Structures are given as structure tokens and as C-alpha cells.
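Read off the chains here:
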Amino acid sequence: MTQGFSTRALHAGAAPDPVTGSRAQPIHQTTSFVFKDAEHASKLFALQEFGNIYTRLGNPTTGALEERIANLEGGTMGVATASGHAAQLLAFHVLMEPGTKIVAAKQLYGGSINQLGHAFKKFGWRVEFVDINDGAAVEAAMDDTVRVIFSESLANPGGVVTDMAQVAAIAKKHGVVYMVDNTMASPYLCQPLQHGANIVVNSLTKFIGGHGNSIGGMLVDGGNFDWKAHADKYPTMATPQAYYNDLNFAEGFGALPLGPDGAAVDIAFAIAARAFSLRDLGPALSPFNAFMILTGCETLPLRMDKHCANATAVAEYLSGHEKVSWVQYAGLAGDKYHALAQTYCPKGAGAVFTFGLKGGHEAGVKLVEHVKLFSHLANIGDTRSLIIHPSSTTHSQLSDAQKTAAGAAPDTVRLSVGIEDAADIIADLQQALAVI
Ligand SMILES: *Cc1c(COP(=O)(O)O)cnc(C)c1O
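Quick caveat: nothing in here was measured; it's all calculated off a predicted structure.

Cut-offs and rules
Residues numbered from 1 in each chain as written. Predicted model: local features only at pLDDT ≥ 70, side-chain atom pairs only at ≥ 80, totals over all residues. Heavy atoms only, no water. Buried < 20%, exposed > 50% of the residue type's maximum accessible area, 1.4 Å probe, protein only. Helix = DSSP H or I, 4+ residues; strand = E, 2+ residues; numbered from the N terminus. Arc of directions from axis to C-beta. Contact = heavy atoms within 4.5 Å. Core = buried A, V, L, I, M, F, W, Y, C linked by side-chain atoms within 4.5 Å. Near = heavy atom within 4 Å. Polar contact = N/O pair within 3.5 Å; in protein donor to acceptor, adjacent residues only side chain to side chain. Areas by Shrake-Rupley, 256 points an atom, 1.4 Å probe, with all protein chains shown as cover. Domains from an automatic or database assignment. Buried area = accessible area lost by both parts, 1.4 Å probe. Salt bridge = Lys/Arg side-chain N within 4 Å of Asp/Glu carboxyl O. Nonpolar A, V, L, I, M, F, W, Y, C, P; charged D, E, K, R; others polar. Pairing = 2+ DSSP bridges.

The periodicity of an α-helix, 3.6 residues per turn, causes residues three or four places apart in sequence to face the same way. Among the residues making up helix 15 (residues 360–370), those that are buried are Gly360, Ala363, Gly364, Leu367 and Val368. Summarising the axial view, the buried residues of helix 15 lie within an arc of 130 degrees, below the 170-degree limit, and thus occupy one face. Helix 15 presents Glu362 and Glu369 as exposed residues on the side facing more than 90 degrees away from its buried surface. Residues of helix 15 that are buried make contact with strand 11 (352–357), strand 12 (375–376), strand 13 (386–388), strand 14 (412–416) and helix 17 (422–435).

Okay, here's the thing in C-alpha cells:
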């Protein structure tokens, strides 16, 4: 029987240390690992045997985290990275070639809009942003240069829930990869691989680490894409690679006997992401951060339940407040994404949402200046409650029209509701709202 999520969040990937008996996962704070002999070394380098070489390529502490997150997402193998953005970079680096295109949700996190829209241009990777829940718009963007459709499960900050089954069907029809950023939901609330995604990326910086102390990222291979059938589109995956003695990742790692009773498991994408992209681009996670994030991950289910309950209480309170014009939280019964949230995130719609102040830009500035329990900063997914007024911070360079189009209209305030007592969170908003 498969163990429950809470059990796996604590135990997957980590066992008492066989040498010392250490119960917590040891931090292997080392750059490199001694080979047993020359033959061992040569097999490791040729990918004929798995093992530790150098921490840029892998590390036992980081490995425990990779196994845990891959397990929680229901994937075949994980690759940890120095940040969520680095996980996205590595995943795209395996899949894209100069001139190929990403079809991406226009509702992506602002940092991802920048990464795809500006930084990736230098690699010759093109991007077309579409309204991800408009099936006709996604379909219209598909052409034979598309390699990836990319969306979030729950989108930051608009509270958009993606209809992942609909997007996955379009990706499947065109024989391309569907990649999902699951940061806002975490694998506790949502499992994109069960809804047809092929690859999941997470910023571990947010809810998985959960305590606002470590930056990290993870890509998880769903093991469910037929690379060999699409070798023309994905040469890195399914054609011989000269830098590994003409190894073909899909041939070599597409059906290893790693499953229950030796069942075949496809880890080809994760191996390519590590042996090619992580090796050569270099954004490895530090073992210390892996340890911090593993520790945070142990309480992910407890925290997410509390985050969601608090967010619902705060959203309900704000909905009834005279100075608030609107609240956009998919956890509220009247919200336009409520039905999709019940399909994709039945345990809760997360803890990040936006609301509008009748007093507009000025009121937003005042609110962030008068909260006391909330921290005014640009992060989400901390144990502590966080607030930001995008119009005066992250989106301040844009015109009012551009702000509105980006879901950051002058009146919009974003909350990441923490796990304090709900009454204290509400009391803090109440006293700050009284001032504006
Ligand atoms: C923060 C965030 C990222 C980027 O993660 P970093 O760890 O900051 O690089 C990507 N996607 C979403 C939805 C995020 O919130």
C-alpha cells in the first residue's frame, strides 16, 4: 500500500544514516567525493553507474530532497537547483533549441514573464503568452516550432486556477511537453502529473521550504512522455549525444527496472537535466539549503491546512469590509475559479490572493505602512503573513493600463496569509484598514 502524503513528506528519500545512526538527514557539506578505484570513477563519469562525484552534479543531502519531492509530486525523479528560476532554466534548456517556441500562460508569476520574455530571448527561444484557460487561444498559438506549453497550477497573484486537463489534451494532440509550475499550490494541494502534465517545476523557496529562510528549486520528471516518438522535436532527449559517447538519454534511461517488482520507470528527462544542463549551466543547490528545505517539508501538510484555513477566514472577512471593493480568492464559494479549484485543489486554494481597495493606489500605500503583524515584502509562502502593494513596488514602472493588464491595478493588494492565529491576522488588517 502506498503510504499517505504526511508520512511521505517526513520519510521519503531519507533513512537513518547507515554509518552513524544519525536520525536527521546529515548535511554533506563537501564539494567532492572519493572514488573507490579507477574503474568506479570511470563508470560514474560514463553514467554507467549512479553515485557521487562533485556537488555541482549531485550530493547525498540534496539527493534526499530530490527523492522526497519527486515522491510527493508522483514523478519518477527530481533534480534540485539553486532557485525556482534555475529549475525552469534547466527544464527548458533540455527541451528547447534556438528558434523553437514556448506557449506560456500570460497569467504567470512576474519573474517568470521576465525570464521567458526577456532572458530566454538571448538563447533564441521564443515565447507566446496566451490566456491559458482559453482553449482556442492556446490552440491558435500552436505551430510546429512549439516545444513546451507552460503554465502554473494556481497562478500568482491573480488566483487563477488552470484547467490543466484541457491544456494537457492540447499538448498531447500536438505531441509536445506540458510543464507546470506548482509553486503556489505545492504538491500537497495539487498534483499536476495526475492531470496530464509531463514535467513539474517548483520554487522550494515558497511553501515547500515554508519558513522564508532558503532559496531553492526542483524539477520533477513525470516519466510519462514518449521522447522516442518525438525525437525530431527533442534532439537532446532522443538522439545520440556526442559528449557522452553517443549516449541517447531516452534509450539509456527510458525504461529502468526501478519500479515496484522491477517495473520499468522512465527517468530520461531528469538524467538529461542533471548530466547535461545542471552539469554545464551550474545552478546546483547548496547541501545546507537542501537540509533546511527538507526540514520545512516535514510539516508541509500541517502548514498548508492552516495556511488555507486562515486564507479563507481572511478572505471572508475582507469580502464583508466596507473599504474593500473586491476579493479574488478561489477558495471563496462565489469566486469564478471556485469550481476549477474544487477539481484541482480540493484540499484548499492556497494562501496567496489579491483584493481591491476602494481608495485605490493611495489606500494601498497606507495599508502596507500601517500593518504591524504582516511583513511588507516581496515573497510568498512564508510561515509569517506577508503583504505587498504591487502598484507601488513590483509593478511601479508600468502605466496604470499596464498594471491593470498584469493583474496589479493601482487598487490591488496581495496577501500571503501565514499560520499565525487567524484572529490576530484579521485584527491587524482591521486596525490598518481603520486608518485609511
Ligand atoms: C517565486 C516563484 C518562482 C521563482 O522561484 P525562485 O525560487 O524565487 O527563483 C517561480 N514561480 C512562482 C509561482 C513563484 O512564486
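Now that the structure is up, let's keep going.
This brings us to the nonpolar core. Residues Ile149, Trp227, Phe353 and Leu415 are the most contacted members of the largest nonpolar core, which totals 128 residues. If we ignore the near neighbours within four places in the chain, the residues touching Trp227 are Leu95, Val177, Tyr234, Met237, Ala238, Ala250, Asp266, Ala268 and Phe269.

A few words on the site of the ligand. Surrounding the ligand, one finds 14 residues, the nearest of these being Gly84, Asp181, Ser203, Thr205 and Lys206. A distance of 2.8 Å separates an oxygen atom of the ligand from a polar side-chain atom of Ser203. Within the contact set of the ligand, an oxygen atom lies 2.7 Å away from a side-chain nitrogen or oxygen of Thr205. In isolation the ligand exposes 380 Å². Once the protein is present, 92% of that is buried. For the shell around the ligand, the element with the most residues is helix 4 (residues 84–95), which contributes three residues.

A few words now on the domain arrangement of the protein. The domains assigned to the protein are domain 1 (5–296) and domain 2 (300–435). When domain 1 packs against domain 2, close to 2,700 Å² is buried across both sides, 64% of that on carbon and sulfur atoms. Broken down residue by residue, the surface that domain 1 buries against domain 2 is led by Tyr188, Leu189 and Phe207, which jointly contribute 29%. Counting across the domain 1 and domain 2 interface gives zero salt bridges. Scanning the region where domain 1 abuts domain 2 turns up 10 residue pairs in polar contact (both at pLDDT 80 or more). Listing elements by their share of the side of domain 1 that touches domain 2, those giving two or more residues are helix 1 (5–11), strand 6 (160–161), helix 7 (164–174) and helix 8 (186–189). The dominant element in the side of domain 1 that touches domain 2, judged by the number of residues it contributes, is helix 8, at four residues. Here the side of domain 1 that touches domain 2 is composed, by residue class, of 16 nonpolar, 14 polar and two charged.

Before going further, it helps to spend a moment on the pairing of strand 9 (residues 217–221). Among the five residues in strand 9, five count as buried, and that is most of the element. Burial along strand 9 is two-sided: Gly217, Leu219 and Asp221 facing one way and Met218 and Val220 facing the other are all buried. Two elements, strand 1 (residues 77–81) and strand 9, share five bridges in a ladder whose sense is antiparallel. Residue pairing across strands places Ala80 opposite Met218, the latter belonging to strand 9. Pairing of strand 8 (residues 199–203) with strand 9 involves five bridges; the strand directions are antiparallel.

In this fold, Thr205 is placed in the loop between strand 8 and strand 9. A polar side-chain atom of Thr205 sits 3.1 Å from a polar atom in the side chain of Ser203. Looking at Thr205, its side chain comes within polar contact range of the main-chain nitrogen of Gly216, at 3.1 Å. If sequence neighbours within four positions are ignored, Thr205 has contacts with Ser214, Ile215 and Gly216.

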